[in-house]
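Analysis of the macromolecular model
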Amino acid sequence: MPPGSLFSCFDFLLRSDIPLTELDAAGAGDTRPVVPVRLGSVPESTHGMDSPAMGLRVCGEDALLTVEQVGRYLVRGDREIVIEPAAGSTERSIRLFLLGSALGILCHRRGLMPLHANAVIAGGDAFAFAGPSGAGKSTLASHFVRAGYPVLCDDVCVIAFAADGTPLAWPGLRRLKLWDDAAQALGHDREKLERVVEGFHKYQIPLPPARMAEPVPLRRLYILGKAEDCAPGFRRLRGQEAMHAVIQHTYRGAYLRPLGLAQQNFRHAAMLLALAEAWEVHRAWGYDVFEREAAQIERHMQSAAARIAPQRRAS
Amino acid sequence: MTRNLIATDVLVRNDADLLTTVVDGELIGMSVERGACYGLNGVGTRIWDLLAQPHTIDSLCRELASDYDVEPEQCRREVLPYLQRLHDEGLLGLSGG
């Protein structure tokens, strides 16, 4: 692929020197704003930068992310990413952190709200699923793929807000990240899959291209947990609990304070909850009961999808 | 730094580091520093309004006693742990050292 190709990335485009196989190529005549991603020289630190927090140093509009043995990523304002790869790093690992932490910083800066969640489409609305690492988010998404639901995004669900406040979930990276056992349990041949990072038993399952480069109204955010301490079931979160859940599952939330964007995110969380619902899901665990539990979540989601969305009732 | 509050402490809302919003009819505060959300319901909202101005626990309870049918002593007993939590969450500061 020639350098400088355009890729569809939420409500903007990335023009990248590096081929970004996880994103759809942008169509001709796409008018979304372009953010260049280029390889270049990135200083180890800039005079006056804060001390690093989770590998991030911020000085004014420069946000410098350092990933040992991978490279340095400089996010300049909301308009450019410059990458200096570390000696011996692979393109795959450079892409992993570009499309992870660096893109997270860029999204926050562009006034978007990235959630650490994946999402599927049902009844024309988006349903997002968040939870701690290993809560089975991607495995659940893989179940939805086989059940015929379009997957909107994996791992990171980026929300933009319409002029009327409607939270809109954008199509994200076109892949699922699955652990070895999950990939096998769901019938994927791991010999044919690409590993996320060399040496780790986590694999990328490609997804079909998004049907449209258009966002979908977010209807519900489910927080996945295990049913160890309480009975399996669904519980609606409201008020403080709901706010806490949304803020806690903001993607790269630890960067908000150094970026000076904690207030924006707090406001976004309240806007999200004005028109979308937060639910906690407690479920039994293990691949033997996975299908049963996934089917319950699917029914719960469908019961909402069958009703008219509140934001449409109002119009 | 948090410490145990005493009756003569002068408390005031930590507005500089504080965000508030209303979700599901509940006033919610969050300290930017700590990131945890805190719900302020009913009396909590009234306490919150009063603490826009510095108050001691005694003067706060005098105000609350006139709003709600409660004895000052009972008010102190119930309000102190609540204020302590708000203080621990970084939502309240001590005024005048």
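The structure we're discussing is the one just above.
Residues numbered from 1 in each chain as written. Chains lettered and ligands numbered in written order. Predicted model: local features only at pLDDT ≥ 70, side-chain atom pairs only at ≥ 80, totals over all residues. Heavy atoms only, no water.

Quick notes on the environment of T21(A)
Residues and elements named next belong to chain A.
- With respect to the helices and strands, the residue T21 is situated in the loop between β2 (12–16) and β3 (34–39).
- By relative accessible area, T21 is classed as exposed at 56%.
- T21 sits 154 residues away from R175 along the chain, and the two C-alpha atoms are 9.3 Å apart.
- Only 3.4 Å separates the side chain of T21 from the side chain of E22, close enough to count as a polar contact. (Helix = DSSP H or I, 4+ residues; strand = E, 2+ residues; numbered from the N terminus. Buried < 20%, exposed > 50% of the residue type's maximum accessible area, 1.4 Å probe, protein only. Polar contact = N/O pair within 3.5 Å; in protein donor to acceptor, adjacent residues only side chain to side chain.)

Digging into helix α6 (residues 262–275) of chain A
- With 14 residues, α6(A) extends 21 Å between its outermost C-alpha atoms, agreeing within 8% with the 20 Å of an ideal straight helix rising 1.5 Å per residue.
- When we look at burial in α6(A), the residues that qualify are A262(A), Q264(A), N265(A), F266(A), H268(A), A269(A), A270(A), L272(A) and L273(A). (Expected span 1.5 Å × (residues − 1).)

Some points on the packing of helix α1 (residues 43–50) of chain B against helix α2 (residues 57–67) of chain B
Residues and elements named next belong to chain B.
- Relative to each other, α1 and α2 sit at 130°, their axes nearing to 11 Å. As the angle between them shows, α1 and α2 are arranged oblique. You can see that α1 and α2 cross each other, and the crossing is right-handed. Along its contact with α1, which presents V43, R46, I47 and L50, the element α2 presents L60, E63, L64 and D67.
- In terms of residue class, the contact of α1 with α2 is built from 5 nonpolar, no polar and 3 charged. (Axes fitted to C-alpha atoms, helices over the stretch in contact; angles between N-to-C directions. Parallel < 35°, antiparallel > 145°, perpendicular 65-115°, else oblique. Left-handed = near helix turned anticlockwise from the far one by under 90°. Contact = heavy atoms within 4.5 Å. Nonpolar A, V, L, I, M, F, W, Y, C, P; charged D, E, K, R; others polar.)

So, the sheet that holds strand β4 (residues 37–40) of chain B
- The strand order across the open sheet built from 3 strands is β2-β3-β4 (chain B), with neighbouring strands paired in antiparallel fashion. Both edges of this open sheet fall to β2 (18–23) and β4 of chain B, since each of them pairs with a single strand only. Direction aside, the axes of adjacent strands within the sheet are offset by 30° on average.
- Pairing of β2(B) with strand β3 (residues 26–31) of chain B involves 6 bridges; the strand directions are antiparallel. Paired with T21(B) across the strands is I28(B), a residue of β3(B).
- Packed on one face of the sheet, α6(A) meets β2, β3 and β4 of chain B and runs near 5° to β2(B). (Pairing = 2+ DSSP bridges.)

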